[in-house]
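Tertiary structure, described
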Amino acid sequence: MTMPPDDAPDTRLASLLDALPREATPPAGVWSRVLAAERARRGRRRLGIGAAAAALAVVAAWGAWPARPLTRATSPFSATVSGDMTPGIFSRAVLPEEARDPRLRAAVQEFEAWQVALTDPRRSFGWPNAARRAVVDAVRDTEAELAAVRAALVVHAGDEARRQILLDHLTTLRALQLEQLQRARVLLDQL
Amino acid sequence: MADDAPLIAAAARGDERAFAVLYERHAPRVFALLRRLTADEELAAEHLQTTFVQAWRALHRFRGDARVETWLHRIAVNVHLAHLRTQLRRSVYELAVAELDAFVGTIAGGVDPALGIDLDRAIAALPPAMRTAFVLHEVQGMSYDEIAPLTGTAPATLRVQVSRARDVLRRRLGDRP
C-alpha cells in the first residue's frame, strides 16, 4: 500500500509515542468484581442446567412438546405490526455512500431471511413475541438514527470535517444494524 | 513474559488462582490501553472488569494461536467499541456534534504551557472515533486492515482519522514555546 507523505508520525511525535507508559495500575477492587461475576455466572449456570433438565423431564413425561400449539399466527403482535415487517422498514432514500456499502444489501437480505424464517413454524417455534418485536424495533431505531445523520449531512454540506465524522457514523450504524440482524438469525436457530 | 499456557489451561479447568495470576500479569497493560481508548479512568476500570470476565468465559475457546496479551487486548478493544456503539445508539447526532465541538476545541485551544507536553492528555482530547483509530494504530501498532473489521470502518477512513489525529497532536506540540 502506498502511504501518503504524512502517514508516519514525525520524529518528535514518534519519540513521544515511544515514551508513553505501557502499563497502569488498575484500581483496587476490579479483580474482586471479576471474581464475583464469574462465581455468580457459575452459580446461575448450575441452576439453569438443573432447571432445564427438570423442564425437559416434565415435557418428556407428559408428551407435551410435540403438541404445543403455535401462538404466532394469532398473537396480537402479528396482528398489529405485521404491516411493518416488510423491507419497507428500510429507508429507500439512501445516500450514494450508503448505497455503495455492501452492508446495506446484506442487512436487507438478513431482514428478509429472518421474516421468511418466522413463517417456518419449525424455526420460529420457540421465539417469544417480545423477541420478534425487539428485532423490528432495533431495525426501526437504527433507521431513525440513520435518517437523523442524513439530515445532519444536508445541513452541514459545506463542512468537510463534520461530514466525514457523520459519514463514519453512517457506516458504524449500518454495521451495527447488520450485526443485530445476524445475531437475531443465530438466536432464532438456537432457541 | 513468562509462559501463560499452563495458566490458561489451569484457569480453563476452573482454577481461580491461575486466572488471578493471569490478571496480575496482564491487567496493567490492558488497563493502560483502556485508559487511553476511553480517556476516562472509571470507565476504563469498568471495561477492564468486563474484559477479564469475558476472557474467563472464553478461556475454553483460546487455542493459543495468538499471545495471551494480544488476545486480551482484542477483547478489551471490542468492549470499548461495543460501548461506543451503545453511545452512538443513544444519540448519534448529539454525539457527532459533541465530537466536533471537542475536535474544534482541540485545534483552537492549544496547550496550556504550564502543563507541558502531555501526549496522553492530548490523545484524551481527541474525539472518540479518532482517538480509537489513533491509539490502535500508533500506540498498539495495529495495521489499518486489522483495525477495520473491529471498528466496522473502512481502512481508508481509518487512515484519514489517524492522519487528522496526528495533525491535531502536531499542532498542540507546535504550540509549545
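Computed from a prediction, not measured in an experiment: that's the story for all the values here. (Residues numbered from 1 in each chain as written. Chains lettered and ligands numbered in written order. Predicted model: local features only at pLDDT ≥ 70, side-chain atom pairs only at ≥ 80, totals over all residues. Heavy atoms only, no water.)

1. Thoughts on the overall build of chain A
Under the convention used in this document: Think of it this way: any DSSP run of H or I at least four residues long counts as a helix, any run of E at least two long counts as a strand, and we number them from the N terminus. Burial status follows relative accessibility: with a 1.4 Å probe on protein chains alone, a residue under 20% of its type maximum counts as buried, one over 50% as exposed, and anything between as partly exposed. Only heavy atoms matter for contacts: two residues are in contact if any of them lie within 4.5 Å across the pair.
Each helix and strand counted, chain A has eight helices and zero strands in total. When each of the 191 residues of chain A is scored for burial, the buried share is 34%. Long-range contacts, defined here as pairs at least 24 residues apart, represent 73% of the contacts in chain A between residues at least 6 apart.

2. Thoughts on the confidence of the model for chain A
All names here are of chain A. Here is the rule: Every residue carries a pLDDT, the predictor's confidence in it, which falls somewhere between 0 and 100.
With 63% of its residues at a pLDDT of 70 or more, chain A shows a mean pLDDT of 68. Looking over chain A, one finds the lowest element-wise mean pLDDT in helix α3 (residues 76–81), namely 29, and the highest in helix α5 (residues 102–118), namely 83. Low pLDDT, under 50, characterises residues 1–5; the predicted model gives this stretch four contacts beyond four residues in sequence or across chains.

3. A word on unusual backbone geometry
Both trends apply: most residues other than glycine have a negative phi, and most peptide bonds are in trans. Residue and element names in this part refer to chain B. For Ala-39, which is not glycine, the phi dihedral falls at a positive 60°. Here Ala-39 shows up in the loop between α2 (16–38) and α3 (41–57). Residue Ala-39 is classed as partly exposed on the basis of its relative accessible area of 36%.

4. Concerning α2 of chain B
Residues and elements named next belong to chain B. How we decide: Multiply 1.5 Å by the residue count of a helix minus one, and that product is the helix's expected span. At every residue, the bend is computed as the angle between two fitted axes, covering the seven residues ending there and the seven beginning there respectively. Any pair of nitrogen or oxygen atoms within 3.5 Å is treated as a polar contact; in protein, a donor-acceptor pairing is required on top of that, and neighbouring residues in sequence qualify only through side-chain atoms on both sides.
The end-to-end C-alpha distance of α2 is 29 Å, clearly below the 33 Å that 23 residues give at a rise of 1.5 Å each. At His-26, α2 is bent by approximately 50°, the largest bend along its length, and proline Pro-28 sits one to four residues beyond. Capping of α2 at its N-terminal end is provided by Asp-15; its side-chain oxygen lies 3.0 Å from the backbone amide nitrogen of Arg-17. Looking at the residues trailing α2, positive phi occurs at Ala-39, about 60°.

5. Digging into α5 of chain A
Count 3.6 residues to each turn of an α-helix, and residues three or four apart come out pointing the same way. All names here are of chain A. Here α5 contains 17 residues, and its C-alpha end-to-end distance of 24 Å stays within 8% of the 24 Å for a straight helix at 1.5 Å per residue. Listed as buried for α5 are Leu-104, Ala-107, Val-108, Glu-110, Phe-111, Trp-114, Gln-115, Ala-117 and Leu-118. Of the residues that open α5, the one with a side-chain oxygen 2.9 Å from the backbone nitrogen of Arg-103 is Asp-101.

6. Overview of the pattern of salt bridges
Note the following rule: Salt bridges are defined by distance alone: a side-chain nitrogen of Lys or Arg within 4 Å of a carboxyl oxygen of Asp or Glu.
According to the stated counting rule, one finds 14 salt bridges over all chains in the structure shown. A salt bridge links Glu-97 of chain A to Arg-163 of chain A; the shortest N-O distance between them is 3.6 Å. Of the two residues, Glu-97 of chain A is situated in helix α4 (residues 96–99) and Arg-163 of chain A in helix α8 (residues 160–190); the sequence distance between them amounts to 66 residues. For Glu-97 of chain A, a relative accessible area of 31% corresponds to the partly exposed category. In this structure, the salt-bridge partner of Arg-25 of chain B is Asp-4 of chain B, at a minimum N-O distance of 2.5 Å. Highlighted residues: Arg-25 of chain B in helix α2 and Asp-4 of chain B in the segment before α1 (5–12), separated in sequence by 21 residues. By relative accessible area, which is 25% here, Arg-25 of chain B ends up partly exposed. With relative accessibility at 7%, the residue Asp-4 of chain B sits in the buried group. Salt bridges sharing partners connect three or more residues here, namely Glu-23 of chain A together with Arg-29, Arg-67 and Glu-69 of chain B.

7. Some thoughts on the packing of aromatic side chains
Our working definition: To pair, rings of Phe, Tyr and Trp, with the six-membered ring standing in for Trp, must have centres within 6.5 Å; the planes then decide the type, stacked if under 30 degrees apart, edge-to-face if over 60, and tilted in the middle.
Tallied over the full model, the rule gives eight aromatic pairs over all chains. Their ring planes at 10° and their centres at 6.0 Å tell us that Trp-31 of chain A and Trp-56 of chain B sit as a pair that is stacked. Here Trp-31 of chain A, found in helix α2 (residues 30–62), pairs with Trp-56 of chain B, found in helix α3, and the two come from separate chains. With relative accessibility at 5%, the residue Trp-56 of chain B sits in the buried group. For the pair Phe-19 of chain B and Trp-56 of chain B, a centre-to-centre distance of 4.3 Å together with 20° between the ring planes defines the contact as stacked. With a gap of 37 residues between them, Phe-19 of chain B in helix α2 and Trp-56 of chain B in helix α3 connect regions that are remote in the sequence.

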